[in-house]
Every structure is written in structure tokens, then in C-alpha cells.
Amino acid sequence: MASRKVWIQIDPSGESFVWQRDDRALHAADDPAGAAARIAEYIKKRDAAPGERW
């Protein structure tokens, strides 16, 4: 299985991390630990096998 990538960037205002362009998942840039936790949760849900999703 190939690893899937997550593109993370800072929005143009410099105020938020963005990792999902389609629904604009954002988190404040001054809270990188909080952003990392949300991104990890997103990856866990995204990569869950069918029937394991919450």
C-alpha cells in the first residue's frame, strides 16, 4: 500500500494551518500542537478501513 500524503500549509493571511481544501479545515497558526492533533485525527479517520470509521 502506498502512503498517502497530506498537504499542510499556512493560509494567505498567515493566521491558520489548512490541510483540507475542499471543506477548508483550519486551525490557528499560533497553536501548532492543537493543529497537529486535529490533523492526526483527520488522517486516522481518512485511513480507517470500511466499518472502522466513526
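These remarks concern the structure in this document.

Cut-offs used in this document
Residues numbered from 1 in each chain as written. Predicted model: local features only at pLDDT ≥ 70, side-chain atom pairs only at ≥ 80, totals over all residues. Heavy atoms only, no water. Pairing = 2+ DSSP bridges. Helix = DSSP H or I, 4+ residues; strand = E, 2+ residues; numbered from the N terminus. Contact = heavy atoms within 4.5 Å. Axes fitted to C-alpha atoms, helices over the stretch in contact; angles between N-to-C directions. Expected span 1.5 Å × (residues − 1). Buried < 20%, exposed > 50% of the residue type's maximum accessible area, 1.4 Å probe, protein only. Arc of directions from axis to C-beta.

## What about the sheet that holds strand E1 (residues 9-10)?
Moving on, step 1. Strand order in the open sheet formed by three strands is E1-E2-E3, and the pairing between neighbours is antiparallel. Both outer strands of the open sheet, E1 and strand E3 (25-28), are each paired with one neighbouring strand and no more.
Moving on, step 2. Sheet topology note: the strand E2 (residues 16-20)/E3 ladder contains four bridges and is antiparallel. Paired with Val18 across the two strands is Leu26, which belongs to E3.
Moving on, step 3. Here helix H1 (residues 32-46) sits on the sheet in contact with E2 and E3, set at roughly 10 degrees to E2.

## As for H1
Moving on, step 1. In this model, H1 (15 residues) spans 21 Å end to end at C-alpha, consistent with the 21 Å of a helix rising 1.5 Å per residue.
Moving on, step 2. Considered for burial, the residues of H1 that qualify are Gly34, Ala35, Ile39 and Arg46. The arc that holds every buried residue of H1, seen down its axis, measures 130 degrees, which confines them to one face.
Moving on, step 3. Buried-residue contacts for H1 involve E2 and E3.

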